[in-house]
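Summary of structural features
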Amino acid sequence: MLEIKGLTATIGDKKILRGINLIMPDGEIHAIMGPNGAGKSTLSYVLSGREGYTVTGGSATFNGQDILAIEPEARAAAGIFLAFQYPVELPGVGNANFIRTAVNAIRRARGVPELDAVAFLKEARAAIKSLKMPDDMLKRNVNVGFSGGEKKRNEILQMALLKPSLALLDETDSGLDIDALKIVADGVNALRGPAFSALVITHYQRLLDHIVPDRVHVLAAGQIVRSGGPELARELEAHGYAGLEAA
Amino acid sequence: MAAVTETIETIDRLTDGGYKFGFETNIEMDFAPKGLNEDIVRLISAKKGEPEWLLEWRLKSYRAWLTMVEPNWARIRHPRIDYQDLYYYAAPKRAAPKSLADVDPELISMYDKLGIPLNERAALAGVAVDAVFDSVSVATTFRESLSKVGVIFCSISEAVREHPELIRKYLGSVVPAGDNYFSALNSAVFSDGSFVFIPRGVRCPMELSTYFRINARNTGQFERTLIIAEEGASVSYLEGCTAPMRDENQLHAAVVELVALDEASIKYSTVQNWYPGDAQGRGGIYNFVTKRGACRGRKSKISWTQVETGSAITWKYPSCILQGEGSSGEFYSVALTNNYQQADTGTKMIHLAPNTTSTIISKGISAGHSNNTYRGLVRIMPRAHGARNFTQCDSLLIGNQCGAHTVPYIESRNQSAKVEHEATTSKIADDQLFYCRSRGLSTEDAVGLLVNGFCRDVLKELPMEFAVEAQKLLAVSLEGSVG
Ligand SMILES: Nc1ncnc2c1ncn2[C@@H]1O[C@H](COP(=O)(O)OP(=O)(O)O)[C@@H](O)[C@H]1O
Ligand SMILES: [Mg+2]
């Protein structure tokens, strides 16, 4: 279970998160919507441990562990995965090699035997196939020369192979055509189960048609200003965020 | 190949952290008195039972050296080297081994520790090894199977005795004794090294490799390597080096000469991991090396690949003289410096004949307080119609206290020649590190991965077994470089 209480964070002296409260039980998928600049990406970065953010108050625990106190790689080992809004290019680093190194780093941290190249490739190929991605996705350098859509799908491929228990998806649907969107949704739905939860940041109802969330939250100006069921997303799609900041 | 992969793993287990090859071996040694003079040169020559002409050649080199001064154009700084405070000859006391069975078991076990089994049964499949310990070659494996196809692979001292006509013909023919300060010194006092001869039309059936180890204290290592590939012959040769950790600096001044005749090809790969000194810059090897290949024959080819992670100072410019029409030279280099290491390294491509081509791919990585300079000369002579060169020089900075410098010299004296030069400087971005860490990689693993990615174009030129070793070496060499 992810429990965020009164979380406040700044970038430099700029207050971005102004007291986030959010509880997400295992097995649930929650959507976070909200206007640009509200702090959605900031929340996902703070949860995954990116440098440059100062947590000034509150707490965030995952399965009872204080995740804010540990290094990003330890958070990954604890089962947290961030699908980046803007995935990063790693020149010269083969995708298969990268993902296998990550899978094995996490396995090592958990005391699970590492996967050899053959076993990994078998899993990776199966994931590629079920996500309907091109085979050469594994051979190319991580995100280098990928189209926007390919980069997003590569995030989902990594998620499929790293099998997190908590996924943070930051606008993974932005800029995707409807087929790619379905692939992304399939990737998330495939992991759905009692031990998996996801925080899906999105602007669009159309993603939530495919990944039906248990709860929808509206983040505006660094606070969660409204929460509700899936119908809230439809309401927002119809009426926009106007007036929500005041709530 | 598994055996070399194990090198690193074995050593990992033997030592903890830092330089993995820093242990010292207790072998009874035979030293010549400290210092350098004509008597020492005579003594070295006598110890090796050399012919008169070679002694004369050494003495001539010594006298030339006396008139020369250390070069000072490289971007390196070091205290004055006291050439009289060094031993110029150190050899294990046991008499030169006639066969592997005669090699001191201590030595065999040291090479085992380094992952270089000298026992042929345990040896790396398909790699013949010549092991040079301080001043002498202690063992060469697989010589018999090689000699069946006419390949000669032995120590240079032995070649002087057994194949004097080849030595006399080729020694100093690519790097003349008086070429530079360090080559003159080497020519006067060279102790041992490897000799390779691939006869006409033979493709050497296995990788040849020499493993250099400096063990003795205050001892300079001056090895000499000579490789000759006759018409249509080809060979791939690997060189590896390590030394114990010591507070004082040690001098290494080698000379390597390659000769490729018509349509011959020589691929020379180095993984240089001499002791780099500690994090404060104490100790480490001063590596002043002259490596040069002559593409004498039509369509001959010489390819240098180097991964330089060691030494306190690296001064090294493996070069190609493209004399044969249509011959080609290649230089693929990764030079990594950390802490207070200084590297000034690059290549010279001298295009003498028409339609000669050269390719230079250099990747410099600087971390800590280190300084890393690429220095490369491309010279196109008037006769070299249609010559081409492509140079790609990339620098990667880790941290903000290190330096990377690119010094290309391009001299074209033929209008029809085409010379291209590209250079980039980059840093490992915080975003890249965070992306990796968010996937579970430690910062060090992430840096290792990114650095290996940066070097990929060079690493893929290495023979498989060396590539794996080199990758791990890069990661180990960067330990502690990222906070
Ligand atoms: N590196 C930064 N430096 C200063 N301000 C930043 C930085 N990154 C984000 N911000 C600001 O923080 C606020 C929240 O940004 P972000 O979390 O990216 O919003 P969202 O993802 O909801 O669009 C915005 O006002 C943005 O301008
Ligand atoms: Mg955002």
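These lines cover the structure that appears in this document, whether it is placed above or below. For every chain, the first residue of its written sequence is number 1, and the numbers climb from 1 along that sequence. Numbering of ligands from 1 and lettering of chains from A proceed in the order in which they are written. A pLDDT threshold of at least 70 governs which residues receive local features in this predicted model, and a stricter bar of 80 or more applies before side-chain atom pairs are shown or counted, although totals over entire chains, interfaces and linings include all residues. No hydrogens and no water enter the side-chain calculation; it runs on all heavy atoms of the structure.

**With respect to the nonpolar core**
Joining through side-chain atoms within 4.5 Å is the link that ties buried Ala, Val, Leu, Ile, Met, Phe, Trp, Tyr and Cys residues into a set, and such a set is a nonpolar core. Burial classification: accessible surface area is computed with a 1.4 Å probe over protein chains only, and a residue below 20% of its type maximum counts as buried, one above 50% as exposed, and the rest as partly exposed. Membership of the largest hydrophobic core comes to 102 residues, with the highest contact counts inside it found for Leu157 of chain A together with Val451 of chain B. With seven residues, helix α3 (residues 95-109) of chain A is the largest single contributor of residues to this core. The contact criterion used throughout is that any non-hydrogen atoms of two residues lie within 4.5 Å. Dropping the residues within four chain positions of it, Val451 of chain B is found in contact with Ile365, Leu396, Ile398, Ile428, Leu474 and Leu478 of chain B. In terms of nonpolar packing, the next biggest core, distinct from the first, is built from 36 residues, Met206, Leu208, Cys295 and Cys320 of chain B among them. Helical segments are the DSSP runs of H or I of at least four residues, strand segments are the runs of E of at least two, and each set is numbered from the N terminus.

**Details of the side chain of Asn372 of chain B**
Residues and elements named next belong to chain B. Within the secondary structure, Asn372 is located in strand β20 (residues 371-380). On the basis of relative accessibility, which here comes to 5%, the residue Asn372 falls in the buried class. Any pair of N or O atoms that falls within 3.5 Å is considered a polar contact. Within protein, one atom must be able to donate a hydrogen and the other to accept it, and sequence-neighbouring residues count only if both atoms are side-chain atoms. From its side chain, Asn372 meets the backbone oxygen of Ile365 in a polar contact 3.1 Å long. Apart from the residues within four sequence positions on either side, Asn372 is in contact with Ala335, Leu336, Thr337, Ala343, Gly364, Ile365, Ser366, Gly403, Ala404 and His405.

**Topic: the sheet that holds strand β5 (residues 65-66) of chain A**
Residue and element names in this part refer to chain A. Two strands are counted as paired when DSSP detects at least two bridges linking them. Reading across from one edge, β2-β1-β4-β5 is the order of the four strands in this open sheet, with antiparallel pairing throughout. Two strands bound the open sheet, and with one partner strand each, they are β2 (14-24) and β5. Note that strand β4 (residues 54-62) and β5 share two bridges and pair antiparallel. Paired with Phe62 across the bridge in β5 is Gln65. Helix α1 (residues 40-48) contacts β1 (2-11), β2 and β4 of the sheet and is inclined by roughly 110° relative to β1. Fitting a line to C-alpha atoms yields each axis, with helices limited to the stretch in contact; the angle taken between N-to-C directions then spans 0 to 180 degrees.

**Considerations on the coordination of the magnesium ion (ligand 2)**
Residues and elements named next belong to chain A. We call an atom a donor if it is N, O or S and sits within 2.8 Å of the metal, or 3.2 Å for Na, K and Ca. Water is not counted, so some sites may look partial. On the protein side, the magnesium ion (ligand 2) has Ser41 (OG) and Gln85 (OE1) as donor atoms, found 2.1 to 2.3 Å from it. Residue Ser41 is found in helix α1, and its partner Gln85 is found in the loop between β6 (80-83) and α3; the two are separated by 44 residues along the sequence. Taken as a pair, Ser41 and Gln85 share a single burial class, namely buried.

**Here we look at unusual backbone geometry**
The residue Lys132 of chain A is not glycine, and still its phi comes out positive at about 55°. Turning to its location among the elements, Lys132 of chain A is positioned in the loop between α4 (117-130) and α5 (148-162). Of note, the phi angle at Ser311 of chain B is positive, near 70°, even though the residue is not glycine.

**What to know about the pattern of salt bridges**
We define a salt bridge as a contact between a side-chain nitrogen of Lys or Arg and a carboxyl oxygen of Asp or Glu at a distance within 4 Å. Taken as a whole and judged by the stated rule, the model has 31 salt bridges over all chains. Across the pair Lys460 of chain B and Glu461 of chain B runs a salt bridge, and its minimum N-O distance is 4.0 Å. On the basis of relative accessibility, which here comes to 56%, the residue Lys460 of chain B falls in the exposed class. Salt bridges sharing common partners tie together Glu71 and Glu73 of chain A together with Arg437 of chain B.

**A closer look at the site of ligand 1**
Residue and element names in this part refer to chain A. Close to ligand 1 lie Ile11, Lys14, Ile16, Pro35, Asn36, Gly37, Ala38, Gly39, Lys40, Ser41 and Thr42, which account for all nearby residues. Gly37 places a main-chain nitrogen or oxygen 2.8 Å from an oxygen atom of ligand 1. The contact in question runs from an oxygen atom of ligand 1 to an N or O atom on the backbone of Ser41, over 2.9 Å. Isolated, ligand 1 exposes 550 Å² of accessible area, and the fraction of that covered by the protein chains is 60%. Among the elements of the structure, β2 and α1 are those that each provide at least two residues to the shell around ligand 1. In terms of residue count, the dominant contributor to the shell around ligand 1 is α1 (three residues). By the convention adopted, Pro, Cys, Tyr, Trp, Phe, Met, Ile, Leu, Val and Ala count as nonpolar, Lys, Arg, Asp and Glu as charged, and the other residues, Gly among them, as polar. Class assignment for the residues of the shell around ligand 1 results in four nonpolar, five polar and two charged. When at least one non-hydrogen atom of a residue lies within 4 Å of a molecule or strand, that residue is treated as near it. Per-residue and other accessible areas were derived by the Shrake-Rupley procedure at a 1.4 Å probe size, with only the shown protein chains allowed to occlude residues.

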